Amino acid sequence: MANNKLEEKVEIPAETYEEEHVHTVYEQIASHFSSTRYKPWPIVSTFLENLAPGSIGLDVGCGNGKYLTVNQDVFIVASDRSTNLVKIAAGHQPHAAVVADTLALPHQKGRFDFAISIAVVHHLSTRDRRREAVQSILDTLRDGGQALVYVWALEQKNSRRGWDEGHEQDVMVPWVMKTSKKNAGENGETEKTFQRYYHLYRKGELEEDVVNVGGEVIESGYEKDNWWAICRRSGGG
């Protein structure tokens, strides 16, 4: 069971902490992680399928790019901090995939019809940085453009993880990567465990962050241990 109450953080910069407990981990597990991520989530699929033909948008934190093929009538510029995941995502032509940090997106502001960011923002280790990420995503949208953001929920009492209200919101979640005996480590071990940082969002927290950075929540809800929100720039019509 993924426990794992976060040990007390040493006072190090958030960027350094995330580099060790998020970015470096995903670089190492990219291929194995990708092999387990192939089925689009229903609400994300519906959001993409309802877009107008010819729409141009972003997938911020695209992972292996599994959402790039949902709607063949839109064009998506995907990005991720993991070079190895971007290499996999780049195979979904004709879409583009680039290496980029969510807090420093290389896109012009106010130009895109839509954006999605699925299970990404919760990897940022302070609330200010999570809010900055939401702001960064909203800034890319044109007037009328919408973004769909998904984050892990604290309220997961019916899941195998068993988290719920009252549990620590900042946790480490293990990823176990098994290898063949032929590729065993120096001590003969055939599996390696990586610890990934997550912030578990309580009910209403994602919406609060959207509003805090000047965004407007159009619709929000809960799906399979995740909170989600469809949002736009305030006054963006």
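Nothing here was measured: the structure is a model prediction, and the numbers come from that model. (Residues numbered from 1 in each chain as written. Predicted model: local features only at pLDDT ≥ 70, side-chain atom pairs only at ≥ 80, totals over all residues. Heavy atoms only, no water.)

A. Highlighting the overall build of the chain. Counting secondary structure elements, the chain contains five helices and nine strands. Along its sequence from the N terminus, the chain presents helices and strands in the succession α-α-β-β-α-β-β-α-β-β-β-α-β-β. Whereas a compact globule of 237 residues would reach a radius of gyration of roughly 18 Å, the chain reaches 18 Å, a difference of no more than 12%. Principal axes of the C-alpha set define a box for the chain whose edges measure 60 × 40 × 35 Å. Counting across all 237 residues of the chain, residues that qualify as buried make up 49%. Across the chain, contacts joining residues at least 24 apart in sequence account for 65% of those joining residues at least 6 apart. Of the accessible surface of the chain, which amounts to about 11800 Å², a share of 48% is contributed by carbon and sulfur atoms. Computing the positive centroid from 27 side-chain charges and the negative centroid from 34, the chain places the two 5 Å apart. (Helix = DSSP H or I, 4+ residues; strand = E, 2+ residues; numbered from the N terminus. Rg over C-alpha atoms; globule rule 2.2 N^0.38 Å. Buried < 20%, exposed > 50% of the residue type's maximum accessible area, 1.4 Å probe, protein only. Contact = heavy atoms within 4.5 Å. Areas by Shrake-Rupley, 256 points an atom, 1.4 Å probe, with all protein chains shown as cover. Lys, Arg positive; Asp, Glu negative; His and termini not counted. Charge placed at Lys NZ, Arg CZ, Asp CG, Glu CD.)

B. Highlighting the environment of Asp 113. Relative to the assigned elements, Asp 113 resides in strand 4 (residues 112–118). Separated by 95 residues in the primary sequence, Asp 113 and Glu 18 have C-alpha atoms spaced 30 Å apart. Beyond its immediate stretch of four places on either side in the chain, Asp 113 contacts Gly 54, Ser 55, Ile 56, Leu 141, Arg 142, Gly 145 and Gln 146.

C. Up close: the side chain of Arg 129. Assignment of secondary structure puts Arg 129 in helix 4 (residues 127–139). Ignoring any residue separated from it by four or fewer positions in sequence, one finds Arg 129 in contact with Ala 14, Glu 15, Glu 18, Leu 103 and Leu 124.

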